[in-house]
Structures are given as structure tokens and as C-alpha cells.
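# An overview of the molecular structure
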Amino acid sequence: MKILFVMPSLDNGYWKKLGKKVGPKSEPLSLLYIATFLNQSGHHAEVVDCEAEGISLDELEQKIQFGRYDAVGVAMLTAMYSQSVAVCKMVKKLDPKIKVVVGGSHANLRPRETAEKEESIDVVTVGEAEQTFLELLEVSQGKKELKDVLGIAYRENAVVVQTAERAKVNDLDFFPIPDRSLIKMHLYRPSVSYYRRLPAYTMITTRGCPYRCTFCATAKTGYRVHSIPRVIEEMRVLIEDFGAKEILIRDDTFTLQRERTIKLCEAIIAAGFHKKITWDCITRANLVDKELLQKMKEAGCWGMHFGVEGGTQKLIDSVKKDTTLEIIKNAFTLCREIGIETRGYFMVGMPGSTPEDDFATIEYAKDIDPDWAQFTIATPYPGTELFNEAEQWGTFHTDISDWDKYLTWSGYGDTELVWTAHGRSSEDVKAMQRKAMREFYFRPKVILRKVTNVDNLPILRKYMTGALVLARS
Ligand code: B12
Ligand code: SF4
């Protein structure tokens, strides 16, 4: 059967406001995983990325009209809800016979509501959708009944049916390497401060995270890994077939299994990739130590991203981060000693926070002094513990299900915040985000460090763009 997977435009105003030059264009790995799996099972799946390819809804309509697809799969993160629904409506209006399926973080977290509200959607998938989508195609071919497909929600006679959860696939290697020839790879580049060299492409080596942070959409999801030979093979594809000079490893907690990480680094060195690429990864501060970081650096790791969240123990505990300020500081110090750049993720307006707490977060950020700091606005995303307890910790200012407003960079936009902690106003928290970014970056020490770090023209250009964006804000 012929299927088109669509990544709708991510543009909900924020990047437009900051300037397209700094925004990320990141390969739609989730869609590639499913499309590749279907193609290997004898179907014909294509992927279109409206954001990266700059495709409007009208142009997408034309593509679907001429493409004669049997099914269209549409990605749905919370903050792209309206864009996803607009695509679904367009497809159904064009040809009601085309099966419309949505999936992704928001669909996983609000399946019943999504199936109930949006008549243009035939099926909502819940969880990993490779096998689920294959079975949905079998339903279309008359080989299976919808009610027997695990991990979906759909309407039947105006009543929403949700089938039992689909068990997660333990051996991640069961899923083939995402076929990147399905997308226009030359269009992808990370946000300005997220790379050292281009082309820089994304991959994942694990799925899930066992930790319990209350604000996180992937908290307490089973942790599974790709085998080391498989990771090496995918890196080889990125290097040899697509000319990658850098790889962004976007696992939630890359170093969770210390021994695996060391073995992977050794395999990268044995393959000689440490001489061909640099790479970065995301992990937790309590999951690194000196020996591990040294091995990672040797294998080409140039950057580590750590979620810090808040600058007082009270704030960190309020979101169940399960670590301490000392452990976090130690991780940043070790990285600097070893020569790995760091990025700290902080939040303002956290549950239980006062403006003074946010000032303390800004001071703590300056104290641990990552090379890059990101201050987002604490937002209770659906499906998270924080969302379930949001009214205990604060107040919603918009309709709770106005999903497009669930943005974490609203300090730079015109919209009111969807939620603020008790005692905080939208304006106060938005101003705090801008203050935090300015105070962190416009310090002589930081400017000097950035300037002395410049070893080529593109890096200088990207720093200048970032500085202009901050100054304009
Ligand atoms: C890379 C990434 C991005 C990239 C690219 C996204 C892209 N083009 O795919 C960029 C940088 C653009 C991005 C942006 C944002 N992101 Co993001 N991102 C990720 C990240 C790290 C990896 C996603 C990934 O590829 N996973 C690997 C694949 C294999 O897993 P998967 O996505 O779950 O896909 C499986 C299923 O969900 C399902 N599925 C997924 N999509 C679809 C589509 C269809 C049609 C079907 C049937 C099934 C299906 O099947 C897939 C295969 O099994 C995740 C964290 C994570 N661990 O997933 C966060 C994550 C998805 N992002 C998140 C957030 C909050 C954001 C931002 C709001 C951040 C911000 N501050 O602005 C923006 C949203 C932009 C917008 N307007 O919507 C949240 C989502 C929360 C939510 N409820 O939506 C996550 C889960 C992080 C977290 N832990 O909270 N993100
Ligand atoms: S924030 Fe990071 S450590 Fe916490 S649950 Fe999410 S992915 Fe895991």
C-alpha cells in the first residue's frame, strides 16, 4: 500500500519571531523509523517534512492529490496540535477514503481525547507505532480487524474505543536503521549553538528513560538500547552515505548504562570514527564521572547536555529530579577540566517558585557556568505528573486543552503563558526568561570565551546571529 508520513510545520510563532536562522531543522526520526519498517515489509512509504521543505498546506494538498495514497500518517507533538489537525482535515476533505492516522508524543498521551474531538482522524496510535501501522494496513487490506490492533484509539458509532497497550519491543535492533534517503538530508541543520561542524545529523541509540522528573513526557518509560554494532553501522551510514561531520545523539539519558557507553566509545575509536566526526549527547549529571568523560572525549564527544532545571535544592526536589546541586556542579566542573563543552537546561517559573528562586537559578547557572545555558518556562505538558498536579502547584490561564499554547519560549512571544506557579504572573515569568538569557550571556567572561573559541568563520557567524537575537529581545 502507498503511505505518506507528514511532519507538519512546527512554526507556531516562536521561531518566526526569533528569526528562522537560529531555529532547528531536525530529521523526523520517528517518521523515518515507521516508514523504513513499512518499506521493508513490502509497502511504499514516503516522508514529507513541511517544516524543513517549506511546504505549505496547499502544496501538501496537491502532493496528496497526485500521490494517490492509501493512508496518511501525521505527526502530533503537543505544541503542533493545530498544524497536525489542519493536515488531517485537509486530507479527509480531499478524499474521505484515505485513512488518516496520527501518532507522536501528544497522541501517545491524549489518545481518547484526540480521537473523540477530531472527526478527520481515523486512528490515533499509542506508543511505538512501527508494528501498529503495519497491522493497520492489514486492516485496510481486509486481513485483520481494527479491534484486534493493539495500541490504538478510534471512533466506532460515535464512541471512542481504545485497545490494550502494545508491549514495547525489547530488542531495539528489531527496527531497521531509519532510511534517510526518504528525506532531503541537505536541508537539515541544528539550531545555531548546537553544532560545531556541518553537516550535523541526528540519531538515537536508546529509547526511554527510567527517571521520574514530573515535567517530562518521557519519564518512567522503559529504557531499551540498540546494540553497539548496530549503532556503529548507523554512524557509518551517516558518515559515508551522507557526509556527516558531526552526530547529535538525542537519547534521553545516553550514559545510563556506564559499561555500554564505554564499550560504545571503544567501538567508535576502533572504527576510526573519532577522527572523522565529533558528537554530542544528552544525559543526567549523576550519570557521569571522570573516567567515563575522558573516554567519551577520546571517542570524539565535544558536547554534553544536562538538565539542571533549578538553582536551589527546593526547586530540584519539587520536580523530583533526584539529584543534588553538588552532583550537578561536579559534572560541569569535570567536563570543563576534560575539555567537553556543556549545555545546561534550566527552567524559570517552576512549581513552588518565587521570583527570588528564579534569581537563585540565574546565579547558580552563572556559578556552574556551562558553555551554553537554556532557560525555558516551566510548562505542564499533558501526560506528565506536573500536568496532573498543575492546579495544586499553580493556575491555568488559558483553556487547558488549547495545546498550541504549550510553548516553553513564550518570553519571546506575545501569548499569555498557559500556566504559572502560585503567586507568579505571566508577565513576571516571561520577563524572567529574557532576563535569565541576557544575564547569562552578556557577561564579559562569556563573551571573551566565545570569541577565543572561534576557530572558523561559520562559528563566528553563528555566534553573531545568536547575540543579535538576544540583544533584540
Ligand atoms: C528530536 C526532538 C525534537 C526535534 C525534532 C522533532 C522532529 N522533527 O521529530 C525538535 C528540536 C524540532 C523538537 C522540538 C520540540 N520538542 Co522535541 N523532542 C525530540 C526528541 C529528543 C526525540 C524525538 C525522536 O525522534 N524520538 C525517537 C522516536 C523513534 O521516538 P518517538 O518520537 O516517540 O516516535 C515513536 C512513537 O511516538 C510513534 N510516533 C511518533 N510520531 C508518529 C507519527 C505517526 C503518524 C505515527 C502513526 C506514530 C508516531 O511511533 C514512533 C516510532 O515508534 C524527543 C524526546 C524523545 N525521547 O522522544 C523530544 C520531545 C518529542 N520534544 C518535546 C518538546 C516539548 C518539544 C518542544 C515543545 C520543545 C520546545 N521547547 O520548543 C518543541 C515542539 C515544537 C513544536 N512546535 O511542536 C517533548 C514532547 C512533549 C509533547 N507532549 O509534545 C519530548 C517528548 C521531550 C520530552 N521528554 O518532554 N523536538
Ligand atoms: S527529564 Fe531527563 S532524566 Fe528526567 S525523566 Fe525526562 S528524560 Fe529522564
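Residues numbered from 1 in each chain as written. Chains lettered and ligands numbered in written order. Predicted model: local features only at pLDDT ≥ 70, side-chain atom pairs only at ≥ 80, totals over all residues.

## A closer look at the overall build of the chain
Broken down by element type, the chain carries 19 helices and 17 strands. Compactness check: the chain gives a C-alpha radius of gyration of 22 Å against a globular reference of 23 Å for 473 residues, within 12% of the reference. With the C-alpha coordinates aligned to their principal axes, the bounding extent of the chain is approximately 65 × 55 × 35 Å. Within the chain, the fraction of its 473 residues that count as buried is 44%. Pairs at least 24 residues apart make up 74% of the contacts formed inside the chain by residues separated by at least 6 positions. (Helix = DSSP H or I, 4+ residues; strand = E, 2+ residues; numbered from the N terminus. Rg over C-alpha atoms; globule rule 2.2 N^0.38 Å. Buried ≥ 20, exposed ≤ 12 C-beta atoms within 10 Å, placed from the backbone. Contact = placed C-beta atoms within 7 Å.)

## Focus on the nonpolar core
In terms of nonpolar packing, the biggest core is built from 125 residues, with Val6 and Ile247 touching the most fellow members. Leave out the neighbours within four places in its chain, and Val6 touches Val48, Cys50, Leu60, Val72, Gly73, Val74, Ala75 and Val87. (Core = buried A, V, L, I, M, F, W, Y, C linked by C-beta atoms within 7 Å.)

## Concerning the site of ligand 1
Within the structure, ligand 1 sits among 42 residues, and Ser30, Gly73, Gly103, Gly104 and Glu128 are positioned closest to it. Counting residues per element, the ones that place at least two in the shell around ligand 1 are β1 (2-7), α2 (29-40), β3 (71-75), β4 (99-103), α6 (105-109) and α8 (130-140). Looking at the shell around ligand 1, the element that brings in the most residues is α2, giving five residues. The residue makeup of the shell around ligand 1, split by class, is 24 nonpolar, 14 polar and four charged. (Near = placed C-beta within 6 Å. Nonpolar A, V, L, I, M, F, W, Y, C, P; charged D, E, K, R; others polar.)

## Quick look at the sheet that holds strand β13 (residues 301-309)
A sheet is described by the order of its strands in space; here six strands give the open sequence β8-β11-β12-β13-β14-β15, paired in parallel fashion. The strands lining the two open edges of the sheet, one partner per strand, are β8 (200-203) and β15 (372-377). Direction aside, neighbouring strands of the sheet carry axes that sit 20 degrees apart on average. As paired elements, β8 and strand β11 (residues 246-249) share four bridges and run parallel to each other. Looking at β11, one finds that Ala200 is bridged to Glu246. Contacting β14 (341-348) and β15, helix α14 (residues 355-368) runs over the sheet at an angle of about 175 degrees to β14. (Pairing = 2+ DSSP bridges. Axes fitted to C-alpha atoms, helices over the stretch in contact; angles between N-to-C directions.)

## A short note on the domain arrangement of the chain
Size of an interface: often given as the accessible area lost when the parts come together. Entries for the chain in the domain assignment read domain 1 (2-162) and domain 2 (188-472). Put simply, the middle of domain 1 and the middle of domain 2, counted by C-alpha atoms, are 28 Å apart. (Domains from an automatic or database assignment.)

## Considering the sheet that holds strand β6 (residues 152-156)
The strand order β2-β1-β3-β4-β5-β6-β7 describes an open sheet built from seven strands, whose pairing is mixed. Looking at which strands have only one partner, the edges of the open sheet turn out to be β2 (44-49) and β7 (159-162). Averaged over all adjacent pairs, the angle separating strand axes in this sheet is 20 degrees, with direction ignored. Both β4 and strand β5 (residues 123-125) contribute to a ladder of two bridges, which runs parallel. For Val102, the partnering residue across the bridge sits in β5 and is Val124. Against the sheet, α2 makes contact with β1, β2 and β3, and its axis sits at roughly 165 degrees relative to β2, the strand it touches most. The strands touched by helix α4 (residues 57-67) are β1, β2 and β3; relative to β1, the strand with the most contacts, the crossing angle is about 170 degrees.

## Let's talk about the environment of Pro210
Among the structural elements, Pro210 can be located in the loop between β9 (206-209) and β10 (221-225). The exposure class assigned to Pro210 is exposed, which follows from the 12 C-beta atoms found within 10 Å. Note: C-alpha distance between Pro210 and Lys220 (10 residues apart in sequence) is 4.4 Å. Sequence-distant contacts of Pro210, defined by excluding residues within four places in its chain, comprise Lys220 and Tyr223.

## Details of the site of ligand 2
By nearness alone, every residue bordering ligand 2 is listed as Cys209, Tyr211, Cys213, Cys216, Thr218, Ala219, Asp252, Thr253, Arg284 and Gly307. Split into classes, the residues belonging to the shell around ligand 2 amount to five nonpolar, three polar and two charged.

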